[in-house]
Amino acid sequence: MLKMTNIYKTFNPNTVNEKLVLRGLNVELKDGDFVTVIGGNGAGKSTMLNMIAGVHFPDQGSITLDGEDITGLPEHKRAKYLGRVFQDPMMGTAANMEIEENLALAYRRGQKRGLNWGITKEEKELYVEKLKMLDLGLETRLTAKVGLLSGGQRQALTLLMATLQQPKLLLLDEHTAALDPKTASKVLELSEQIIASYSLTALMVTHNMKNAIQYGNRLIMMYEGKIIYDVSGEEKKNLHVSDLLEKFEKASGGEFANDRMILS
Amino acid sequence: MNIVMAIFGAVSQGLTWAILALGVYLTFRILNFADMSCEGSFALGGSISAVLMVNFQWNPFLTLIVSTLAGAAAGAVTGFLHTRLKIPAILSGILTMIGLYSVNLRVMGQANTSLIGQNTLIMMIKGLLPEAKELGIKDSTLQTWVTMGVGLVFIFAVIMILYWFFGTEIGCCIRATGNNEAMVRAQGVNTDKMKILGLLFSNGLIGLSGALVTQSQGYADVSMGVGAIVIGLASIVIGEVLLLRVKNFAGKLIAIVVGSIIYRIIIAVVLQFGLATDDLKLFTAIVVALALSVPVLKSKKGMIRKEAR
Ligand SMILES: Nc1ncnc2c1ncn2[C@@H]1O[C@H](COP(=O)(O)OP(=O)(O)OP(=O)(O)O)[C@@H](O)[C@H]1O
Ligand SMILES: [Mg+2]
């Protein structure tokens, strides 16, 4: 369904800050794939996701989604195909607006917006139903400002917003990294539950190798802007963290996996 | 002039300038965009209204429509400079403002246009009412009452429209854009369009306000917009400080109108106490700086209290 072919990306070309980030990246996802993505800091994971979302555009290469070439499509035009949750809990929601207003914005993803009222009565009932599923007590706080919520609540809400209109592809970029361990695992389980119930295709970046093995049906490891390891099915299920560390060390020529990768 | 009369005049002035403050609120608070072009679009609205009346004998009500549209166009220019040409927000506004200074001189062909002897909007409505003598009041008092009435009617209409518009799907997107652009784009909205629309709406209101002020003060001047953004901000922050608890959108808009009136009363009072007119702008700047720093000062105080414990 998603196909990225031979993608190259250099940030700040021809300056002292020039940085070649993606170097001939090739990715192909099948319908219903739930892929976890791991790799050291600066490997280009976020850049890959941002490229899919249209935040950045590739210097070379092409991206197609369900056969449609979206390489040059502006971010807001391809948003209808994508659900996104970011690392920073502040990124995914509008803090000064109410929970229901945030949901209403997300409910209209991919639709024309006009001069109709911003939220309808029927919608509010739907939101209550959906919020109940999060089991965070948000269903009674529909008109509370999102800025009052905790990081975990905001991430759960963002996840709900990302999937309120079923996306073709769900992009999760370290969406539990800023949360405490307990909240993180709750949000992760919620993610898995939502992905399973709508049979979504998803890409989930994580620094937690255990999670990367535990969740999803496929795992890819990135190093210096390329995929160096791609494993799925039974083989993935039987992986151990030590296997991944070994792979990483081999690829990086003996360089140790960074602290964040080992500790988490 | 006694102080009661001064305050009476201040209230009517506050009402005619309140729409400017509402316009500034749209950009400064809702869109999170410090838009300097308002200084130019305010004078543009005034100049156009005056010239259409004096040179083309237009009905004053019709001139208001043209002034509003012209202000909106000025806002669109700023939006274009910022979103399409990627010029920083402040600079985009300043460019439009400076450009409009020449435009306004061209429009009027001179630095100011007097409406003396013209049948201004205020005069027209006053003409429909009984003579001041019959009512047992001074002519100037009747004129002030009419100005207040006109101000109130327009403010009511503007608040209704704003309340409706910012509750619609597009209005919600504009509000969200001022809050978190990345999120709005992720929801499939073109944030550039939303910014242009917000600027267009804001400057349209400011053009209208300039025209109303011109109609009520009886002249337009190229420099009538100087300091307009600060006057708008003063009204906003005074309103916010006084009506802190108001959470409802309509309530917030009303608070700004109240802020605009109180600002004018403060000015009237300090002038009565002997402040020189030349020092007014400095005084306003200080008031705004103080009011804007209230949240910071408050949190500092809170911190000191915590530390003391
Ligand atoms: N907008 C940008 N401008 C310039 N450089 C950038 C930009 N975005 C990313 N980079 C650089 O590209 C490299 C890859 O960044 P990216 O965010 O994709 O890494 P990552 O794999 O997500 O790492 P992390 O695990 O730290 O999130 C980094 O060196 C980063 O500094
Ligand atoms: Mg990253």
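What counts and what doesn't
- Residues numbered from 1 in each chain as written.
- Chains lettered and ligands numbered in written order.
- Predicted model: local features only at pLDDT ≥ 70, side-chain atom pairs only at ≥ 80, totals over all residues.
- Heavy atoms only, no water.
- Near = heavy atom within 4 Å.
- Polar contact = N/O pair within 3.5 Å; in protein donor to acceptor, adjacent residues only side chain to side chain.
- Areas by Shrake-Rupley, 256 points an atom, 1.4 Å probe, with all protein chains shown as cover.
- Helix = DSSP H or I, 4+ residues; strand = E, 2+ residues; numbered from the N terminus.
- Axes fitted to C-alpha atoms, helices over the stretch in contact; angles between N-to-C directions.
- Parallel < 35°, antiparallel > 145°, perpendicular 65-115°, else oblique.
- Left-handed = near helix turned anticlockwise from the far one by under 90°.
- Contact = heavy atoms within 4.5 Å.
- Nonpolar A, V, L, I, M, F, W, Y, C, P; charged D, E, K, R; others polar.
- Core = buried A, V, L, I, M, F, W, Y, C linked by side-chain atoms within 4.5 Å.
- Buried < 20%, exposed > 50% of the residue type's maximum accessible area, 1.4 Å probe, protein only.
- Domains from an automatic or database assignment.
- Buried area = accessible area lost by both parts, 1.4 Å probe.
- Salt bridge = Lys/Arg side-chain N within 4 Å of Asp/Glu carboxyl O.
- Phe/Tyr/Trp six-rings, centres within 6.5 Å; stacked < 30°, edge-to-face > 60°.

## Regarding the site of ligand 1
Residue and element names in this part refer to chain A.
Here is step 1 of the chain: Around ligand 1, the surrounding shell holds 15 residues, and the nearest of these are G44, K45, S46, T47 and H207.
Here is step 2 of the chain: At 2.9 Å from an oxygen atom of ligand 1 is found a main-chain nitrogen or oxygen belonging to G42.
Here is step 3 of the chain: At 2.4 Å, a side-chain N or O of T47 approaches an oxygen atom of ligand 1.
Here is step 4 of the chain: Considering ligand 1 on its own, with 630 Å² of exposed area, one finds that the protein chains cover 67% of that surface.
Here is step 5 of the chain: Of all the secondary-structure elements, those providing two or more residues to the shell around ligand 1 are strand 2 (19–29) and helix 1 (45–53).
Here is step 6 of the chain: Among the elements that make up the shell around ligand 1, the one with the highest residue count is helix 1 (three residues).

## Side note on the packing of helix 4 (residues 121–134) of chain A against helix 5 (residues 151–164) of chain A
Residue and element names in this part refer to chain A.
Here is step 1 of the chain: Direction vectors running N to C along helix 4 and helix 5 enclose 130 degrees, while the axes themselves pass 11 Å from each other. In this view, helix 4 runs oblique relative to helix 5, as classed from their interaxial angle. In this structure, the crossing between helix 4 and helix 5 has a hand that is right-handed. Contacts between helix 4 and helix 5 involve Y127, K130, L131 and L134 from the former and A156, L157, L160 and L164 from the latter.
Here is step 2 of the chain: For the contact of helix 4 with helix 5, the class distribution of residues is seven nonpolar, no polar and one charged.

## Quick look at the nonpolar core
Here is step 1 of the chain: Membership of the largest hydrophobic core comes to 106 residues, with the highest contact counts inside it found for I99, L103 and L131 of chain A.
Here is step 2 of the chain: Considering each element in turn, this core owes the most residues, twelve residues, to helix 1 (residues 3–30) of chain B.
Here is step 3 of the chain: In this structure, this core is formed jointly by two domains, domain 1 (2–81 + 167–263) and domain 2 (95–166) of chain A, each of which donates at least three residues.
Here is step 4 of the chain: Of all hydrophobic cores here, the second largest spans 28 residues; its members include V37, A43, L169 and L171 of chain A.

## Topic: the domain arrangement of chain A
Residues and elements named next belong to chain A.
Here is step 1 of the chain: What the domain assignment reports for chain A is domain 1 (2–81 + 167–263) and domain 2 (95–166).
Here is step 2 of the chain: Between the C-alpha centres of domain 1 and domain 2 the distance comes to 27 Å.
Here is step 3 of the chain: Between domain 1 and domain 2, the residue contacts involve 17 residues of the former and 16 residues of the latter.
Here is step 4 of the chain: When the two sides are added together, the surface that domain 1 and domain 2 hide from each other amounts to roughly 1300 Å², 66% of it contributed by carbon and sulfur.
Here is step 5 of the chain: Interface area lost by domain 1 to domain 2 is led by P167, L190 and Y198, which between them contribute 37%.
Here is step 6 of the chain: Scanning the region where domain 1 abuts domain 2 turns up zero salt bridges.
Here is step 7 of the chain: Applying the counting criterion to the domain 1 and domain 2 interface returns six residue pairs in polar contact (both at pLDDT 80 or more).
Here is step 8 of the chain: Listing elements by their share of the side of domain 1 that touches domain 2, those giving two or more residues are strand 7 (169–173) and helix 6 (181–197).
Here is step 9 of the chain: Looking at the side of domain 1 that touches domain 2 element by element, the count peaks at six residues for helix 6.

## With respect to the packing of aromatic side chains
Residues and elements named next belong to chain B.
Here is step 1 of the chain: Evaluated as defined, the whole model comprises ten aromatic pairs over all chains.
Here is step 2 of the chain: Each ring, one from W164 and one from F165, has its centre 6.2 Å from the other, and the planes form 55 degrees; the classification is tilted.
Here is step 3 of the chain: For W164, a relative accessible area of 39% translates into the label partly exposed.
Here is step 4 of the chain: Among the residues examined, F165 registers a relative accessible area of 6% and is labelled buried.
Here is step 5 of the chain: An aromatic cluster is present here, built from Y163, W164, F165, F166, F201 and F249 joined pairwise through their rings.

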